[in-house]
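Take a look at the letters that make up each chain.
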Amino acid sequence: MTAFSTSEPATSSNTLPPSDSRDRVSQFLRDLQDQICQGLEKLDGVSQFREDSWEREEGGGGRSRVIRDGGVFEQGGVNFSEVWGKDLPPSILVQRPEAAGHGFYATGTSMVLHPRNPYIPTVHLNYRYFEAGPVWWFGGGIDLTPYYPFREDVIHFHQTLKQVCDAHHPYYYKAFKLWCDEYFYLKHRQETRGVGGLFFDYQDSQGNLYPVAYPNSQSETPAAQYSKAVGPVEGRTWEDLFAFVKDCGNAFLPAYVPIAERRKHAEYSDRERNFQLYRRGRYVEFNLVYDRGTIFGLQTNGRTESILMSLPPLVRWEYGYEPESGTPEAELYTTYLKPQNWLNLP
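Everything in this summary refers to the structure shown in the same document. (Residues numbered from 1 in each chain as written. Predicted model: local features only at pLDDT ≥ 70, side-chain atom pairs only at ≥ 80, totals over all residues. Heavy atoms only, no water.)

A word on the packing of aromatic side chains
Centre distance and the angle of the planes are the two values used to describe a pair of aromatic rings.
So, step 1. Taken as a whole, this structure holds 33 aromatic pairs when the rule is applied.
So, step 2. Measuring from centroid to centroid gives 6.1 Å for Phe138 and Phe242, while their planes differ by 15°, and the two rings are stacked. Highlighted residues: Phe138 in strand 6 (residues 135-145) and Phe242 in helix 6 (residues 238-250), separated in sequence by 104 residues. Residue Phe138 shares its accessibility class with Phe242, and that shared class is buried.
So, step 3. Members of the aromatic cluster, connected to one another through ring pairs, are Tyr119, Tyr148, Phe150, Phe275, Tyr278, Tyr321 and Tyr333.
So, step 4. One cation-aromatic arrangement involves Lys187 over Tyr290; the distance from NZ or CZ to the ring centre is 4.7 Å.
So, step 5. If you follow Lys246 out to its NZ or CZ, it ends over the ring of Phe242, 4.6 Å from the centre. (Phe/Tyr/Trp six-rings, centres within 6.5 Å; stacked < 30°, edge-to-face > 60°. Helix = DSSP H or I, 4+ residues; strand = E, 2+ residues; numbered from the N terminus. Buried < 20%, exposed > 50% of the residue type's maximum accessible area, 1.4 Å probe, protein only. Lys NZ or Arg CZ within 6 Å of the ring centre and 35° of its normal.)

Observations regarding the nonpolar core
So, step 1. One finds Leu40, Met111, Phe138, Phe176, Phe252 and Tyr256 to be the most contacted residues of the largest nonpolar core, which totals 79 residues.
So, step 2. Ignoring any residue separated from it by four or fewer positions in sequence, one finds Phe252 in contact with Ile36, Leu40, Met111, Leu113, Val123, Leu125 and Ile142.
So, step 3. In this structure, Ala106, Phe130, Ala132 and Val135 belong to the second largest nonpolar core, which totals 13 residues. (Core = buried A, V, L, I, M, F, W, Y, C linked by side-chain atoms within 4.5 Å. Contact = heavy atoms within 4.5 Å.)

Overview of the packing of helix 3 (residues 151-166) against helix 7 (residues 252-263)
So, step 1. Relative orientation of the contacting elements helix 3 and helix 7 amounts to 165°, with a least axis distance of 8 Å. With respect to each other, helix 3 and helix 7 are oriented roughly antiparallel. For the pair helix 3 and helix 7, the crossing hand works out as right-handed. Note on element contacts: helix 7 touches helix 3 through Pro254, Ala255, Pro258, Ile259, Arg262 and Arg263, opposite Glu152, Asp153, His156, Phe157 and Thr160.
So, step 2. Broken down by class, the residue content of the contact of helix 3 with helix 7 amounts to 5 nonpolar, 2 polar and 4 charged. (Axes fitted to C-alpha atoms, helices over the stretch in contact; angles between N-to-C directions. Parallel < 35°, antiparallel > 145°, perpendicular 65-115°, else oblique. Left-handed = near helix turned anticlockwise from the far one by under 90°. Nonpolar A, V, L, I, M, F, W, Y, C, P; charged D, E, K, R; others polar.)

Remarks on the environment of Gly70
So, step 1. As for its placement among the helices and strands, Gly70 is situated in the loop between strand 2 (60-68) and strand 3 (73-85).
So, step 2. In this structure the C-alpha to C-alpha distance between Gly70 and Val46, which are 24 residues apart in sequence, comes to 5.3 Å.
So, step 3. Setting aside anything within four residues of it in sequence, one finds Gly70 in contact with Asp44, Val46, Ser47 and Arg116.

Let's talk about the pattern of salt bridges
So, step 1. Per the stated rule, a full pass over the model turns up 26 salt bridges.
So, step 2. Here Arg65 makes a salt bridge to Asp34, at a shortest N to O gap of 2.9 Å. A residue pair is termed long-range when its members are at least 10 positions apart, and Arg65 in strand 2 and Asp34 in helix 1 (residues 21-44) qualify at 31 residues.
So, step 3. Here Arg68 ties to Asp69 by a salt bridge, and the two come within 3.9 Å at their closest N and O atoms.
So, step 4. Judged by its relative accessible area of 51%, Asp69 is exposed.
So, step 5. Sharing partners across several salt bridges, the network here consists of Asp34, Glu51, Arg63 and Arg65. (Salt bridge = Lys/Arg side-chain N within 4 Å of Asp/Glu carboxyl O.)

Interpretation in functional terms is not warranted from these geometric data alone.
The following block contains the structure:
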């Protein structure tokens, strides 16, 4: 484990990225897209990803890969993009005004999978990197959205992520787990999107695990309070954070594939299917109302088809739905859509 200080200030040698930062991150994210697609095709057993390459007029482009009508996945996408340009999107300038006047570079790999079987959770992943003059940061995360949850699956998912975090810093898992619970929360529904995972953004050498100035941040949330209690975590370099993001990305298949393998042959009826389609509506609501990745992509004139590939192919809304007491559907609401300590940590 890398040793970090919570008191010594960062030095100039660790505040700037290396000269080949963009090439290295871009190559890793391309490789991550390849690795994930290969693993998911093996899991699906029927369908394969179709790739569309695209170019952005202002600079950059990407590779969009979609799998559909498979043995496991009704539809899913795994995208890579890298874009650059002169005009910073407003959402960035609000957060880091010191980036004004500089061109920007942004790259990321993102993924959303919508399985057909209601007993297999939907899953989302995104890891990204941003540069603009002296400003740089890593961000991303992964979260699980089950419809009929199994506690052993939730524990496996979180335990896998915790092991990755603990290999880099003892504060990472709790800080980024709490942030995930906060970020993937539908305020208008007063419920989480699923059972969480990890989420982090604006991670650079400035110290705070939860930057209180990021958009829509709140100083009194559990994530903010935990970061405040920990204090500045100084001494983290570009190399440290890149290594952490790489390990997070490589943990996806071990975290998700065993869950899907356990549940892919489970029998279900129209009842479970209809509930799955209803709950998918929450996914649509979150991505179109709150998701910063969607907002950033649209503000930077990204490829709309790729930005909205996260939306499910089929979905339904039902007015005034209330699950029947004592049912598995009710248990989702009463137990699993509430932030909690899945690993019973102190």
